[in-house]
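Per-entry structural report
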Amino acid sequence: MKQKINLRLGLIALVAILTTAIGVTIVYYSLFQKQVRDDLKQNAWLLVETNVFQDAYAQGIESAKKLKIDDPGNLRITWIDSDGSVLLDNDTDVSELTNHMDRPEIQQALETGEGESTRRSDTMNMNTFYYALLLENGTVLRVSTQARTIVNVLLTALPVIGGIVAVILLGCVLIGHLLTGQLMKPLEVMAENMDEGGAPVYKELEPFANKIRSQHENILAAAKSRQDFTANVSHELKTPITAISGYAELIENNMVDKNDEVHIAKQIRHNADRLKSIVNDIIKLSELDNFEMTGTFENIDLYAVAKECVNDAKTLADKKQISLTCKGTSAGIKADKTLIREMIDNLVQNGIRYNKDKGSLFVEVLIEGSHPILKVKDTGIGIPADRLDRVFERFYRVDKSRSRQTGGTGLGLAIVKHIAELHSAEITINSTLGIGTEIVVRF
Ligand code: ADP
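Here the structure is a predicted model, which is why all the values come from computation and not from measurement.

**Some words on the pattern of salt bridges**
For the coordinates displayed, the defined rule picks out 20 salt bridges. Note that Glu308 and Lys337 form a salt bridge whose closest N and O atoms lie 3.7 Å from each other. Of this pair, Glu308 sits in helix α8 (residues 302-312) while Lys337 sits in helix α10 (residues 337-353), and the two are 29 residues apart along the sequence. Judged by its relative accessible area of 29%, Glu308 falls in the partly exposed class. Of the residues examined, Lys337 reaches a relative accessible area of 33% and is grouped as partly exposed.

Below, the structure written as structure tokens:
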């Protein structure tokens, strides 16, 4: 990031300096050109004022050609006759000069009284500025001077520009360094204080900070729930294991009365069954955690599966003389059939286990809009309102002893919720204490 900021700053500075240098040079050069032209004009007029040329011409062409002018520095003076032939030149021998009629400034002067032109000289990067003035006797006086071209000016200024660029670039690197340091500091502080939840220094970073914070919270929550789960599992397994171990110890020490042997064996089997159920449910949950959705879903009829589950629950229901009803219509869903069976089995079994003797259980499948719905309703003991949102938690039971007595593990509804989530289904629960419970799964 630092490198990027430095590079950008450097680039901006470079472009700024170069455009400024070029702009300033263009403005300066146009002023400079104007100055050169004005000087030339002034010189020409001064020369004409002296009347030297007019007087010499009046005395005949030969005397005109003999006129001598002191070398006025870099000013070249050329005097041209009305036919274009050169009468006098302070720079070059007249005999070497061709007719000047073709020169634009001469033509202009002959036509309008004065003429101007600029030509690039052969010499490196120099321009020659000409100013021609028509005299009363028909001859033309031309003055010219050489001046640098704009490229020449730029090239001359290049070392200075280069120096400035170097200094400013160095400044940019320093400023970039300071700026990134200043910019990064609040980010570092934010990263360190992520847990405390203070607002970030830059409001643009708020969504980013919130996202990280919520991910962080999720990770912590997941870790906490894993920890709780492990602790719960250990606790749940400990009770039947301790019981089995205790009974075994009694047998080992010959402390069991002959008459109690069957009772002890029953207790061992009961606790072993309990262990089996807990381990089975844990395996189911862990399978659901690692469930790969891809390609396993098929089209199934929710009503057909519900009927199968209700039929299978008959023996359990008969024990408490609970009447089972399953009604509804065929409803196609894309699902994993084994999981849906597991889900309905759990709901139906709960509806029987937490029911009153001679109670009823109604299972219904219907379609609302485009959503297949499963309803499992019982006339059982109900769930207190303040526990309703907890019954889907792993190992949560409203009444521990009742759950254990009926072979519950406290994982049934957690499995139901997990299966519903895998099928993007929504679960709602309604319950009235002493009246009954209704669970609705909306696909
Ligand atoms: P369990 O194996 O204990 O039945 P679940 O996860 O299936 O565990 O249910 C959690 C708790 O929710 C149960 O212990 C019970 O207290 C309560 N519960 C579940 N279904 C019903 C129901 N149909 N009627 C009343 N209480 C229920």
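**A few points about the site of the ligand**
Lining the immediate environment of the ligand, one finds 19 residues, of which Asn350, Tyr354, Ser403, Gly410 and Leu413 sit closest. Residue Thr409 places a main-chain N or O atom 2.9 Å away from an oxygen atom belonging to the ligand. Breaking the shell around the ligand down by element, the ones donating at least two residues are α10 and α12 (412-422). Broken down by class, the residue content of the shell around the ligand amounts to 7 nonpolar, 8 polar and 4 charged.

**Quick look at the domain arrangement of the protein**
When its domains are assigned, the protein resolves into domain 1 (2-153), domain 2 (221-289) and domain 3 (298-442). Its C-alpha centre places domain 2 at a distance of 26 Å from the equivalent point of domain 3. Contact with domain 2, which involves 13 residues of that partner, is made by 14 residues of domain 3. Summed over the three residues of domain 2 that lose the most area to domain 3, namely Arg274, Leu285 and Leu288, the buried surface amounts to 41% of that side. Along the contact surface separating domain 2 from domain 3 lie 3 salt bridges.

Calculation criteria
Residues numbered from 1 in each chain as written. Predicted model: local features only at pLDDT ≥ 70, side-chain atom pairs only at ≥ 80, totals over all residues. Heavy atoms only, no water. Salt bridge = Lys/Arg side-chain N within 4 Å of Asp/Glu carboxyl O. Helix = DSSP H or I, 4+ residues; strand = E, 2+ residues; numbered from the N terminus. Buried < 20%, exposed > 50% of the residue type's maximum accessible area, 1.4 Å probe, protein only. Near = heavy atom within 4 Å. Polar contact = N/O pair within 3.5 Å; in protein donor to acceptor, adjacent residues only side chain to side chain. Nonpolar A, V, L, I, M, F, W, Y, C, P; charged D, E, K, R; others polar. Domains from an automatic or database assignment. Contact = heavy atoms within 4.5 Å. Buried area = accessible area lost by both parts, 1.4 Å probe.

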